[in-house]
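Chain by chain, the residues run as shown.
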Amino acid sequence: MHHFEYRNGRLYAEDVDVAALAGEIGTPFYLYSEATLRRHMQVFQKAFAGTDPLVAFSVKANSNIAVLKVLQSEGAGADVVSGGELMRALKAGIAPEKIVFSGVGKTRDEMKAALDAGIYQFNVESAPELEALNALALEMNKTAPVALRVNPDVAAGGHDKISTGRKEDKFGVSWGEARGLYAKAREMKGVDVAGVDLHIGSQIADLAPFEAAFSKAAQLIADLRADGCAIDRLDLGGGLGIPYGNAAPPPHPDDYAALIKRLTAPLDVRLIFEPGRMICGNAGILVTRVIYVKQGVARKFLIVDAAMNDLIRPALYDAHHDIIPVVQNDDAPRETYDVVGPVCESSDFFAKGRALPEMKAGDLAAVMSAGAYGAVQASQYNTRPLIPEVLVHGDRHAIIRRRPSVEDIFSLEAAPDWL
Ligand code: PLP
């Protein structure tokens, strides 16, 4: 459930009129609903009530510091995948004891920053990474708390590019290698291996792959304990899908939780989760304005002022996003459009062959469910400045990332003195 709805034919974000806001901010921009962020965090936590999990929001999904502050105030920790994300999480006030660090390529500097901060857990993804972390921790006279990310070889996720738990994926330690690496880790004095971690993919629409992977993880914990390894944490990653409007809704967090409780209750481990999309996906929209309506030979194009550099999901993952008019016109006939941006790439589109109420130049449209993997993946391709992010709270709003000017972009560049 989210807080974007029509009132008298006009789209509201909580109590803010989106068209009026567009007039003030200028398009395109991302618009987030604080109440929706809070609600999703609460729904997730309620599903696991009584089990005291660490819910470490996956910062990669939406890393705006204001968004992180909202989630921090709801008790969220953070799952980070870079030194930059670690700094953002700390800046947002997330306690180091609630931060886990994932990713296949942590550098020495990033690991050092995380050891200095005293994070809760490193999710280690390979033997060389384990050795590097052990050596660094010994140099720093510290012990790194570690879970090994294991790859259960289970296919999951809404698209090939967001499936992460198959043996051909770069993520995690292979199942065959896992017990041996845990045994090696036990001999290392710079690491304390206390957990098992897995993350099998994103936008997962049914429970079956979770069940397959998490059952394997439960068996692995039993085997590791039999080997003498004291495992008391289980990090199950993220991955729960959200409705994007075109397919059957994914499982409710309550059903996901029931499955996990059933599989993990006998293990007596602290559960860790890294939800991203489920928390912020439907809490954000992308507001854009039609520049031109172009009748092509084969198709009619709505050319809007947002583009793939602002929201790359359709181009990258063939993702579906519902698109709705910000101001409804009940009399408008239906038209079929390709909704495209101004960037000079054929992959610059938001929808193809989409039936919408007829729209004209100047009309506003909202690209729904754009709160996850939207602003974070934006680029300045075609020297299009990053677009603002705006947070709504009841009838109030705040710009939580301003639109840089073209001069701001130039300020990072310099011509060499021989030119
Ligand atoms: N944890 C890890 C290690 C990830 O790579 C991701 C994203 O793919 C997530 C958590 C968050 O996934 P989602 O946004 O699908 O919940």
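Residues numbered from 1 in each chain as written. Predicted model: local features only at pLDDT ≥ 70, side-chain atom pairs only at ≥ 80, totals over all residues. Heavy atoms only, no water.

1. Focus on the nonpolar core
Here comes step 1: Core analysis: the largest hydrophobic core is formed by 104 residues, its most contacted members being Phe-122, Val-146, Val-196, Leu-198 and Leu-234.
Here comes step 2: Per-element accounting of this core gives the leading share, 8 residues, to helix α8 (residues 208–226).
Here comes step 3: There are two domains that each give this core at least three residues, and those are domain 1 (4–32 + 281–410) and domain 2 (34–278).
Here comes step 4: Beyond its immediate stretch of four places on either side in the chain, Leu-198 contacts Arg-149, Val-150, Pro-152, Ala-213, Phe-214, Ala-217, Leu-234, Asp-235, Leu-236 and Gly-237.
Here comes step 5: Phe-4, Val-18, Phe-29 and Val-392 belong to the second-largest nonpolar core, a separate cluster that totals 19 residues. (Core = buried A, V, L, I, M, F, W, Y, C linked by side-chain atoms within 4.5 Å. Buried < 20%, exposed > 50% of the residue type's maximum accessible area, 1.4 Å probe, protein only. Helix = DSSP H or I, 4+ residues; strand = E, 2+ residues; numbered from the N terminus. Domains from an automatic or database assignment. Contact = heavy atoms within 4.5 Å.)

2. Here's the deal with the packing of helix α5 (residues 108–117) against helix α6 (residues 127–139)
Here comes step 1: It is at 10 Å that the axes of α5 and α6 come closest, and there the two elements cross at 50 degrees. Judged by the inter-axis angle, α5 sits oblique to α6. In terms of crossing hand, the pair formed by α5 and α6 is right-handed. Contacts between α5 and α6 pair Arg-108, Met-111, Lys-112 and Leu-115 from the former with Ala-132, Leu-133, Leu-136, Ala-137 and Glu-139 from the latter.
Here comes step 2: Residues belonging to the contact of α5 with α6 are distributed by class as follows: 6 nonpolar, no polar and 3 charged. (Axes fitted to C-alpha atoms, helices over the stretch in contact; angles between N-to-C directions. Parallel < 35°, antiparallel > 145°, perpendicular 65-115°, else oblique. Left-handed = near helix turned anticlockwise from the far one by under 90°. Nonpolar A, V, L, I, M, F, W, Y, C, P; charged D, E, K, R; others polar.)

3. Points about the packing of aromatic side chains
Here comes step 1: In the structure shown here, the tally under the stated rule is 10 aromatic pairs.
Here comes step 2: Relative to Phe-48, the ring of Phe-44 lies with its centre 5.3 Å away and its plane at 40 degrees, an arrangement referred to as tilted. A single burial state applies to Phe-44 and to Phe-48, both of which are buried.
Here comes step 3: Look at Phe-101 and Phe-122: their rings are 6.3 Å apart centre to centre, the planes differ by 20 degrees, and that puts the pair in the stacked class. (Phe/Tyr/Trp six-rings, centres within 6.5 Å; stacked < 30°, edge-to-face > 60°.)

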